[in-house]
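# Secondary and tertiary structure notes
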Amino acid sequence: DTAVSQTPKYLVTQMGNDKSIKCEQNLGHDTMYWYKQDSKKFLKIMFSYNNKELIINETVPNRFSPKSPDKAHLNLHINSLELGDSAVYFCASSPPQGLLGEKLFFGSGTQLSVL
Amino acid sequence: LAKTTQPISMDSYEGQEVNITCSHNNIATNDYITWYQQFPSQGPRFIIQGYKTKVTNEVASLFIPADRKSSTLSLPRVSLSDTAVYYCLVGGSARQLTFGSGTQLTVLP
């Protein structure tokens, strides 16, 4: 069973379009994230939700809007797509930090190509 | 944010032990050190995490000196399937978990 699943795997679209990426986790985690990985493989956090509430918003253009209908889902909607949005987008989740540092569980990524 | 520095790439042969060192000179007192592995077209996968001294699990060992300004991921007897990018992260929360470019490990037959 896939722990963190995101769809679609590949997304090719024209500039100016609006698109969504869906993410679901069956691990029972309260916290979910969206990361963006650029062509140089840097992976940077975009958003984090804890139990449906936004807790991290890392200076991402407001064309990007995350939505969490419940704590098992965190979708990413992107308006007016630009060429620079082309990247791989990863969804992740994590259990409560507890006594240890955070441990992230990632989905397999969505390759977004804006033409 | 604690910045990390690790080699861009490393080559090894099957069966060898591989050590990847990460420098994090400005690590904070409450920061943990975490390593992730990423295969092409997949998301990063947690390998190991530690705070100080040595941590070992079924996959790897993590060595952290007393000053905690560096850490070394040790992979025993690597195989071709260990070819991947390895990321060193330092931080206490996801906000601080910015992945660098990682170390591309290539295991040769």
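Residues numbered from 1 in each chain as written. Chains lettered and ligands numbered in written order. Predicted model: local features only at pLDDT ≥ 70, side-chain atom pairs only at ≥ 80, totals over all residues. Heavy atoms only, no water.

### Regarding the overall build of chain A
A count of helices and strands for chain A gives zero helices and eleven strands. Reading the helices (α) and strands (β) of chain A from amino to carboxyl end gives β-β-β-β-β-β-β-β-β-β-β. Since a compact globule built from 115 residues should have a radius of gyration of about 13 Å, the 14 Å found for chain A is in line with a globular shape. For chain A, the proportion of contacts with a sequence separation of at least 24, taken over those separated by at least 6, is 54%. Roughly 5900 Å² of accessible area belongs to chain A as shown, and the carbon and sulfur atoms make up 51% of that amount. Counting 12 positive and 11 negative side-chain charges, chain A places the averaged centre of each group 5 Å from the other. (Helix = DSSP H or I, 4+ residues; strand = E, 2+ residues; numbered from the N terminus. Rg over C-alpha atoms; globule rule 2.2 N^0.38 Å. Contact = heavy atoms within 4.5 Å. Areas by Shrake-Rupley, 256 points an atom, 1.4 Å probe, with all protein chains shown as cover. Lys, Arg positive; Asp, Glu negative; His and termini not counted. Charge placed at Lys NZ, Arg CZ, Asp CG, Glu CD.)

### A look at the interface of chain B and chain A
If you look at the interface, chain B gives 20 residues, while chain A gives 23 residues. With both sides pooled, the region where chain B packs onto chain A buries about 1800 Å², and carbon together with sulfur makes up 52% of that total. On the surface where chain B and chain A come into contact, there are zero salt bridges. Run the count over chain B and chain A and you get five residue pairs in polar contact (both at pLDDT 80 or more). Contributing elements (two or more residues each) for the side of chain B that touches chain A: strand 3 (32-38) and strand 4 (45-50) of chain B. (Buried area = accessible area lost by both parts, 1.4 Å probe. Salt bridge = Lys/Arg side-chain N within 4 Å of Asp/Glu carboxyl O. Polar contact = N/O pair within 3.5 Å; in protein donor to acceptor, adjacent residues only side chain to side chain.)

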